[in-house]
Structure formats: structure tokens, C-alpha cells
Amino acid sequence: MAHPIYTFINPTNQKRYFLLWDTITGYPETIPMDFLTFLQYKGLYYKDYIGTVFSVYTHLIENGSTMPGSIFPDPNTQQNPFFLQALLVLSELENDASSKNDDLNKTLEDLFVLDIDFSDFYSQYLNLICTIDEHPKRQLNYYISLSQTSTCLLKSGALIAPFVNQVFDEYGLHSHFNENENRKYDFDAWFKNGLFFNHQDAMAKLFVLLGKNNLISIDAIPHLLRKNEEAVALFHLFGMQSLLPETKIQSYNKPRVFELKAFDSSRFLKEYVNHVSFHPLGDFSLIGLQILELTDDGLYERLNGVYLGVGRLVNFVDENGLRLLPMTYSSYFSIDKDDTLHALAPLGLQQYHVFSNNGRLIDKTGYYDVCKVSNSAFYFQHMDLLSWQRIVYNSDLRISSCDAVKLEYNFEDPLVAFHDLELSFVQYIQEENQEVLNQRFMKREIIAPGEINHDHNGDDELPF
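These lines cover the structure that appears in this document, whether it is placed above or below. (Residues numbered from 1 in each chain as written. Predicted model: local features only at pLDDT ≥ 70, side-chain atom pairs only at ≥ 80, totals over all residues. Heavy atoms only, no water.)

Take the pattern of salt bridges next. Tallied over the full model, the rule gives 14 salt bridges. We note a salt bridge from lysine 15 to aspartate 102, for which the minimum N-O separation is 3.3 Å. Of this pair, lysine 15 sits in strand β2 (residues 15-22) while aspartate 102 is found in helix α4 (residues 102-112), placing the two residues 87 residues apart along the sequence. Given a relative accessible area of 30%, aspartate 102 falls into the partly exposed group. A salt bridge links lysine 205 to glutamate 170; the nearest nitrogen and oxygen atoms lie 2.8 Å apart. Separated by 35 residues along the polypeptide, lysine 205 in helix α10 (residues 200-212) and glutamate 170 in helix α7 (residues 161-171) bring together distant segments of the chain. Given a relative accessible area of 46%, glutamate 170 falls into the partly exposed group. (Salt bridge = Lys/Arg side-chain N within 4 Å of Asp/Glu carboxyl O. Helix = DSSP H or I, 4+ residues; strand = E, 2+ residues; numbered from the N terminus. Buried < 20%, exposed > 50% of the residue type's maximum accessible area, 1.4 Å probe, protein only.)

The structure is reproduced here in C-alpha cells:
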């Protein structure tokens with residue numbers, strides 16, 4: 001499923017912002033971000049993605065979307081709720097946006113619009129970003145938006161009904177749904193009936209109730225509501241105050257160094273249980289669990305009952321102690337700090353995700369087993385147990401290479417097979433043919449003239 005990019009100019013300060021869209025839910029996947037933060041969020045050194053954005057950037061700016069046949073914001077519907085929501089979010093977060101990034105964002109935007117070969121562009125791009133932090137200033141799940149809200153509420157289903165009725169009774173909101181009473185339990189109806197714009201106190205109270213009863217992932221509570229006093233208190237109860245707009249962040253972009261650090265899970269137990277309840281690999285039976293009323297022993301018992309218990313958690317932490325990821329990962333094996341790749345287990349499950357040594361997500365396919373043949377070369381066994389993937393990462397160049405391999409597994413001495421196979425890979429990192437990349441990422445159109453439509457629920461052809 002594609003994840004098109006949307007972009008627009010904020011009329012209050014004339015700055016350009018970017019966001020990802022989720023075509024499954026029909027809602028924004030991320031909050032609006034300036035161009036630098038957007039690229040950091042997606043991967044500042046994610047060459048394929050950078051190349052694809054470069055190839056369509058001119059038309060993205062012209063039409064506001066990489067969705068074929070769509071424009072954003074639609075000039076005929078300037079007051080559409082998605083555009084209004086984006087502007088309201090920015091008005092709440094604008095103090096976070098450092099003016100120090102303005103010149104850099106302008107330089108990036110000017111570079112991406114150039115009609116030059118990709119090889120020339122990428123050389124200039126690397127020179128521009130070489131002294132910039134690889135990651136955005138905030139924890140990555142800070143940037144997720146309403147598509148996650150919608151997804152969580154669908155999982156909670158009818159369990160939200162008594163809390164909706166309680167809040168709608170208190171604030172007299174039933175009249176918004178006279179034509180269809182059942183729509184009052186529908187997030188789409190809340191949003192498109194303007195409740196988040198005109199009744200923020202009521203919606204904040206509703207989402208606090210949902211959070212206290214584990215009916216919403218805390219990081220899916222809309223940003224528009226996060227300055228509410230009760231909402232702020234809720235984030236603190238779950239130890240997730242780093243996701244609040246009020247949390248101070250560093251205002252400069254010098255590179256941070258992240259290292260993998262282990263934590264006792266008891267420090268983050270409430271956060272972990274909340275994530276487990278809504279995570280794609282988690283257990284939905286935990287939705288509605290009274291997290292705030294149960295003891296730690298009670299929470300561990302429930303986790304062990306669904307085979308998601310965890311003794312320690314791991315995260316990438318910078319020199320200031322700021323975490324990069326939500327507290328959802330653990331590891332089954334010792335990881336050498338000199339390794340260029342790390343395999344982390346989401347929710348403690350043997351379905352490893354692959355990260356660089358500085359915390360960049362390389363592959364989230366989900367692997368069953370790992371064999372290290374050097375600090376930079378690893379073999380990952382697919383979940384079907386029949387095939388393997390060789391992944392190598394050069395942390396100096398920040399380049400990864402990935403090859404599917406055939407392997408006759410030697411159970412008596414498995415390392416022998418891997419070392420023998422490794423000899424067949426002559427190059428440390430496969431060099432890329434610049435002419436092939438220039439052709440692949442040449443400037444191209446994504447929207448044909450006269451084909452604009454106003455339905456934003458389709459897919460695009462781009463690998464976003």
C-alpha cells in the first residue's frame with residue numbers, strides 16, 4: 001500500500017510543510033513537518049527514498065501531492081478538514097519549529113527542484129547534510145498522526161461506547177448525529193463534523209478516558225489535544241511525556257550519536273503494555289485492560305498469559321539520554337557495540353527488525369534467526385525457515401546492501417556454511433551504477449494535465 005506525500009504552504013508564515021498520507025485509513029500518517037525533519041523521519045541517508053522524492057519533487061510542489069490525479073490543498077475546498085487540521089497542528093507546534101532551520105530548508109528545497117542528473121544532485125545533497133543530525137529532534141513515534149488514531153479506535157470497537165456516551169451527554173454533542181445515531185461512535189464522523197476544531201475540551205476528555213482504560217494507544221492521541229491539562233497528566237502517568245509538545249528539545253542539528261542501551265522493563269511497564277495492546281504483532285485481548293489499576297505483578301501476569309512478557313527493553317539513546325524509539329523492543333542475544341547492524345525483537349518476539357548501529361531502521365521484514373560473520377555482515381533467516389538474507393552495512397558511508405542467498409544449513413557447525421558463502425561476496429558494498437541511478441531517478445511527472453480528481457483514497461505508483 002502506497003504512502004503518498006502531501007505538501008502545503010502555511011499561510012501564517014509562508015513556510016512549506018510535508019506530511020505522509022495513509023491511503024488505508026484515508027487519514028494523515030504523520031503531522032506536518034518542515035522538509036529537513038521530514039527527510040530525517042524517513043531516513044536522511046535512505047538513498048532510494050531520497051531519489052524517488054527528487055524525481056517527483058517539482059510536480060509534488062506544483063500539485064501538493066504525489067497521488068496521481070490529486071492536488072492538495074484543493075483550491076475549491078480550502079476549508080476541508082484535513083487542511084484545517086494541519087494548520088491547527090502547526091499553530092500548536094510552531095514554537096517547536098526553530099527558525100535556525102529556515103535557511104537549511106530553503107537550500108534543500110532549492111536543491112530538490114533542480115533539473116540535473118541524480119548523481120550530481122546526490123553528491124550535492126550529501127555535502128549539504130554531512131554535518132546534520134541523522135534523526136529528527138524528537139522520538140520517532142511523536143510524529144505519527146490521525147491514521148494511527150483511526151486504526152486504534154477500530155481495534156477498540158464497541159468498548160469505547162460508554163465513554164463516548166458519557167462525554168457526549170456532558171457536553172451536549174448528541175445533536176451532531178441526529179441523522180444517524182450510530183455515527184457518534186465513528187472517528188470519521190467526529191473529525192468531519194468538526195468536533196476536534198470546535199469542541200477540543202470535550203474531545204480531550206474523551207481521549208483521556210479512552211487512554212485511562214487502554215482503549216487508545218497513548219501516542220495516537222491527536223496532537224491537537226496534547227496541551228489539555230488532563231491529557232498532559234495522562235502522558236505523565238504512562239511515562240510518555242517525551243511525546244508532549246511542551247517537552248523541551250535541542251534546537252540545533254549537529255549529529256547525535258545513538259547507542260543501544262538496555263533497560264529494566266519495570267520502568268516502562270505501563271507504556272509497554274499500552275503499545276502491546278495495539279501493536280500489529282501484539283495481542284488485542286489486552287485492549288481495555290485496566291493498566292492504571294493493576295500492580296506490576298498483575299501486568300506481568302497478563303503479559304505472560306499472552307506470551308508477550310519481557311524482562312528487559314532496549315532502545316537507542318543519545319548522549320543526552322533521549323530515546324529514539326518507543327519502548328517496544330527487546331533482544332535475545334548479546335549485541336556488540338562495534339557491530340554496524342543490530343537485530344531487535346519487537347515485543348520480545350523472534351521476528352527481528354534490523355537497525356544500523358546509530359538507530360536507523362534498515363529492514364522490518366521480520367526474521368527468525370541471525371548469524372553474524374563479521375561486525376558488518378549478517379545473515380538473517382526468513383520466517384519461513386527456508387531462505388536467508390545477507391545484509392551488510394557500512395556505517396561510514398551509511399550504505400546498506402541486501403542480497404537473497406541460497407544456503408545448505410549445517411546444523412553441526414552452522415558458521416562454516418556462512419563463512420564459505422561469505423567468500424563469494426567479493427565487494428564489501430556493491431557499487432551502484434550511476435547511469436542506472438540517473439535513469440531510475442530522472443525527473444518525471446506524476447499527474448497528467450486535466451486528470452485532477454478530489455478523491456484522496458486511491459493509491460499512487462510510487463514506492464512510498
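Following the structure, the description resumes.
Take the packing of α7 against α10 next. Running from amino to carboxyl end, α7 crosses α10 at an angle of 155 degrees, the nearest separation of the two axes being 10 Å. By the angle class used here, α7 and α10 are roughly antiparallel. The chirality of how α7 crosses α10 is right-handed. On α10, the residues that touch Phe163, Val164, Gln166, Val167, Phe168, Glu170 and Tyr171 of α7 are Asp201, Ala202, Lys205, Leu206, Leu209 and Leu210. (Axes fitted to C-alpha atoms, helices over the stretch in contact; angles between N-to-C directions. Parallel < 35°, antiparallel > 145°, perpendicular 65-115°, else oblique. Left-handed = near helix turned anticlockwise from the far one by under 90°. Contact = heavy atoms within 4.5 Å.)

Next up on the list: the environment of asparagine 274. Tracing the chain through its elements places asparagine 274 in helix α12 (residues 269-278). For asparagine 274, a relative accessible area of 0% translates into the label buried. Sequence separation of asparagine 274 and leucine 286 is 12 residues, and the distance between their C-alpha atoms is 8.3 Å. Asparagine 274 has contacts with Asn214, Ile216, Ser217, Ile218, Phe238 and Ile291, leaving out every residue within four places of it along the chain.

The next subject is the sheet that holds strand β10 (residues 377-382). Reading across the sheet, the seven strands line up as β6-β7-β8-β9-β10-β11-β12 and stay open at both edges, with antiparallel pairing between neighbours. Unpaired on one side and paired on the other, β6 (329-330) and β12 (399-405) mark the two borders of the sheet. (Pairing = 2+ DSSP bridges.)

Take the pairing of strand β8 (residues 352-356) next. The buried fraction of β8 amounts to five of the five residues, a majority that puts the element mostly inside the structure. Along β8, one buried face is formed by Tyr352, Val354 and Ser356 and the opposite face, lined by His353 and Phe355, is buried too. Strand direction decides the pairing type here: strand β7 (residues 341-346) and β8, joined by four bridges, are antiparallel. Bridging from a neighbouring strand, alanine 343 pairs with valine 354 of β8. The loop that links β7 with its antiparallel partner β8 comprises five residues; one of these, leucine 347, has a positive phi angle of about 60 degrees. In this structure, β8 lies alongside strand β9 (residues 361-372), joined through three bridges in antiparallel fashion. Looking at the pairing, phenylalanine 355 lines up with leucine 361 of β9.

Burial within strand β5 (residues 312-317) is extensive, with five of its six residues counted as buried. Across six bridges, the pairing between strand β4 (residues 259-264) and β5 is antiparallel. Considered in β5, the bridge of alanine 262 is made with valine 314.

Bringing the sheet that holds strand β3 (residues 27-28) into the picture now. Read from one edge to the other, the open sheet built from three strands follows the order β1-β2-β3, with strand pairing classed as antiparallel. Whereas interior strands pair on both sides, the edge strands pair on one side only; in this sheet they are β1 (5-10) and β3. Here β2 pairs with β3 via two bridges, running antiparallel. If you follow tryptophan 21 over to β3, its bridge partner there is proline 28. Along the sheet face, helix α3 (residues 81-93) touches β1, β2 and β3 and points at about 60 degrees away from the line of β1.

Honestly, that's just the spatial picture; any functional story needs more than this.
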